[in-house]
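Chain by chain, the residues run as shown.
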Amino acid sequence: MGKCIGVLTAGGDSPGLNAAIRAIGKSAQSNYNMQVLGFRDGFRGLMENRTVHLEGEILSGILTLGGTILGTSRDKPHKMPVGSRVQDMTEVMIDNYHRHNLEAIICIGGGGTQKNAYRLTKAGVNVITLPKTIDNDVAVTDVTFGFDTALSIATDAIDRLHSTAHSHHRIIVVEIMGHNTGWLGLGAGLASGADVILIPEIPYDVDQVAEAIRRRRHRGKNFSIVAVSEGALSKKDTKQLAELKAKKLAAKDEKKTKKVAEELANFRSNRVGGTLRLSAELEALTGLESRVTILGHLQRGGTPTAADRILATRLGTACATAVAERQFGKMVAVRGESTELVDLADVVGQRKLVPLDHPWIQAAIATGACLGNEKLVG
Ligand code: F6P
């Protein structure tokens, strides 16, 4: 009998996960005579030894399915809630890895999953990862799968918001996912011709945003679409966050550390309502009525685009080959039309931000979008 490899999907789900699982399963079996064992619900399933054999019928008809047939979770090996306690369950996972006599385990996920997979690598497990997330923020890869689908969904949603904003002479502030990066917000804003695009990489000045909307009004355009990434912050909030982070680093005793941690938690929970506050401020500053649409998890659901199916299939098959060649401790990165194995150590702890000179930023400025901070860009 051939070797056996494990697969798990972790972190937020992303369109294309099932295409990747299918590609790994089909390629591993038919090209390398390897069996594939899925673990349910991310690292938790590896800890609880909940498995499913990925063969035959189970791999059929899933190429086009959204979500993940394995289930997912945000549980971390070293900080796993078990009963009423949070524990390091790495050793239990390693025992289960050996129990199934696995050749390697493939962890499919975003930045957090890459970190957790790297922890397992350092604990002696053979690991290979694939980069998936709608945020497109994993370092050292051109792109992640799931991003293209989310970009299409967000773009389509903003297209639809245009006609209602236009008819009611309103501002519509539309919040787009992306965690602390602006790939999705910028891409969807650019593709849909949003009038204002606010992303975390460019702290914004609300007065500049209001001025851009007023200028449009003077030109006879009495509606505006403001595409705002969920992680975007005003200049004032960016400064406050930097101060809190510096305070956290400088905190010497437990009491001070706890106090700053509370302040940071308060800051983050206030941020959740940031889009509503931005809308209210723009209403007050421009005299135009404003509405908010939060696209939320709609952006992660449903059928992957053809581009994501192809990308996930390419990465999944490259991954099966990497296992056969015993290339462990690596992520399968995208390089144009090709793939490349990169050291996990070079991927973890970094977030791929939108560079300020990125062609998408230049194109947005050149077509008249306001990015909220003329000093930084435009
Ligand atoms: O990382 C993907 C993502 O959708 C982010 O864009 C978003 O901030 C986060 O996950 C939402 O996480 P959850 O589904 O756990 O609320």
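Please read these numbers as outputs of a predicted model, since none were measured by experiment. (Residues numbered from 1 in each chain as written. Predicted model: local features only at pLDDT ≥ 70, side-chain atom pairs only at ≥ 80, totals over all residues. Heavy atoms only, no water.)

**Student:** What exactly am I supposed to notice about the domain arrangement of the chain here?
**Tutor:** Often the size quoted for an interface is simply the accessible area lost on bringing the parts together. Here the chain is partitioned into domain 1 (4–145 + 304–346) and domain 2 (152–300 + 356–366). With centres defined by C-alpha atoms, the gap from domain 1 to domain 2 works out at 32 Å. Facing the 9 residues of domain 1 at the interface are 9 residues of domain 2. Around 770 Å² of area is buried between domain 1 and domain 2 when both sides are counted, 51% of it from carbon and sulfur atoms. Per-residue buried area on domain 1 facing domain 2 is highest for D13, I134 and D135; these three make up 56% of the total on that side. Linking domain 1 to domain 2 there are 1 salt bridge. D13 is the salt-bridge partner of R300, the closest N and O atoms lying 2.9 Å from each other. When the residues that make up the side of domain 1 that touches domain 2 are grouped by side-chain class, the tally is 2 nonpolar, 3 polar and 4 charged. (Domains from an automatic or database assignment. Contact = heavy atoms within 4.5 Å. Buried area = accessible area lost by both parts, 1.4 Å probe. Salt bridge = Lys/Arg side-chain N within 4 Å of Asp/Glu carboxyl O. Nonpolar A, V, L, I, M, F, W, Y, C, P; charged D, E, K, R; others polar.)

**Student:** I would appreciate a short explanation of a positive patch on the surface in the present structure.
**Tutor:** Together, K76, K79, K115, R119, K122, K245, K248, R268 and R351 give the surface a local cluster of positive charge. Those elements giving two or more residues to the positive patch turn out to be α4 (111–122) and α8 (235–250). The element that contributes the greatest number of residues to the positive patch is α4, accounting for 3 residues. Among the secondary structure elements, R351 is positioned in the loop between α12 (344–347) and α13 (359–366). Given a relative accessible area of 42%, R351 falls into the partly exposed group. (Patch = residues over 30% accessible without salt bridge, like charges linked within 9 Å, V, L, I, M, F, W, Y side chains within 5 Å. Areas by Shrake-Rupley, 256 points an atom, 1.4 Å probe, with all protein chains shown as cover. Lys, Arg positive; Asp, Glu negative; His and termini not counted. Charge placed at Lys NZ, Arg CZ, Asp CG, Glu CD. Helix = DSSP H or I, 4+ residues; strand = E, 2+ residues; numbered from the N terminus. Buried < 20%, exposed > 50% of the residue type's maximum accessible area, 1.4 Å probe, protein only.)

**Student:** Quick question: what am I supposed to make of the sheet that holds strand β10 (residues 224–229) here?
**Tutor:** Two pairing modes exist for strands in a sheet, parallel and antiparallel, and in both the strands are linked by backbone hydrogen bonds. The parallel open sheet is built from 4 strands, whose spatial order is β9-β10-β8-β11. The outermost strands of the open sheet, each flanked by one partner alone, are β9 (196–198) and β11 (290–294). Taking the axes of each pair of neighbouring strands and ignoring which way they run, one obtains an average angle of 15° across the sheet. By the bridge criterion, 3 bridges tie β9 to β10 in an arrangement that is parallel. Following the sheet pairing, I197 is matched in β10 by A227. Helix α6 (residues 183–192) rests against β8 (171–176), β9 and β10 of the sheet, and its axis sits at about 170° to β9. Along the sheet, helix α10 (residues 274–286) contacts β8, β9, β10 and β11; its crossing angle with β8, the most-contacted strand, is approximately 160°. (Pairing = 2+ DSSP bridges. Axes fitted to C-alpha atoms, helices over the stretch in contact; angles between N-to-C directions.)

**Student:** What is the right way to look at the sheet that holds strand β1 (residues 4–9) in this model?
**Tutor:** The mixed open sheet is built from 7 strands, whose spatial order is β3-β2-β1-β6-β7-β12-β13. Each of the sheet's edge strands pairs with one partner strand only, and the pair in question is β3 (51–53) and β13 (338–343). Here the strands of the sheet are splayed against their neighbours by 30° on average, with no regard to which way each runs. As defined by bridge partners, strand β12 (residues 330–335) adjoins β13 across 6 bridges and the pair is classed as antiparallel.

**Student:** How do you make sense of the site of the ligand when you look at a structure like this?
**Tutor:** Taken together, R74, I134, D135, M177, G178, H179, E230, H297 and R300 make up all the residues around the ligand. In the model, an oxygen atom of the ligand is placed 2.9 Å from a nitrogen or oxygen of the R74 side chain. The side chain of D135 places a nitrogen or oxygen atom 2.7 Å from an oxygen atom of the ligand. When the ligand is considered free in solution it has 400 Å² of accessible area, and contact with the protein chains removes 70% of it. Across the shell around the ligand, the residue classes break down as 2 nonpolar, 3 polar and 4 charged. Looking at which domains feed residues into the shell around the ligand, each of domain 1 (4–145 + 304–346) and domain 2 (152–300 + 356–366) gives three or more. (Near = heavy atom within 4 Å. Polar contact = N/O pair within 3.5 Å; in protein donor to acceptor, adjacent residues only side chain to side chain.)

**Student:** Help me understand the packing of aromatic side chains in this model?
**Tutor:** Aromatic ring pairs are defined here through the distance separating the ring centres and the angle between the ring planes. In total, this model carries 2 aromatic pairs according to the counting rule given. A ring pair is formed by F147 and W360, whose centres lie 6.4 Å apart and whose planes are at 15°; its orientation type is stacked. Taken together, the positions of F147 in helix α5 (residues 147–168) and W360 in helix α13 put the pair 213 residues apart, joining distant regions of the chain. Plain terms: the ring middles of W183 and W360 are 6.1 Å apart, the flat faces sit at 80° to each other, and that makes the pair edge-to-face. On the criterion of sequence distance, the pair formed by W183 in helix α6 and W360 in helix α13 is long-range, its members being 177 residues apart. Residue W183 is classed as buried on the basis of its relative accessible area of 6%. (Phe/Tyr/Trp six-rings, centres within 6.5 Å; stacked < 30°, edge-to-face > 60°.)

**Student:** Please clarify how the packing of helix α1 (residues 17–32) against helix α11 (residues 306–324) should be interpreted in this entry.
**Tutor:** Angle between the axes and distance between the axes: these two values describe a pair of packed helices. It is at 7 Å that the axes of α1 and α11 come closest, and there the two elements cross at 40°. Judged by the angle between their axes, α1 and α11 are oblique. Taken as a pair, α1 and α11 cross one another with a handedness that is right-handed. Taking contact as the criterion, the partners of A19, A20, A23, I24, S27, A28 and Y32 in α1 are, on α11, R309, A312, T313, G316, T317, A320, T321 and A324. (Parallel < 35°, antiparallel > 145°, perpendicular 65-115°, else oblique. Left-handed = near helix turned anticlockwise from the far one by under 90°.)

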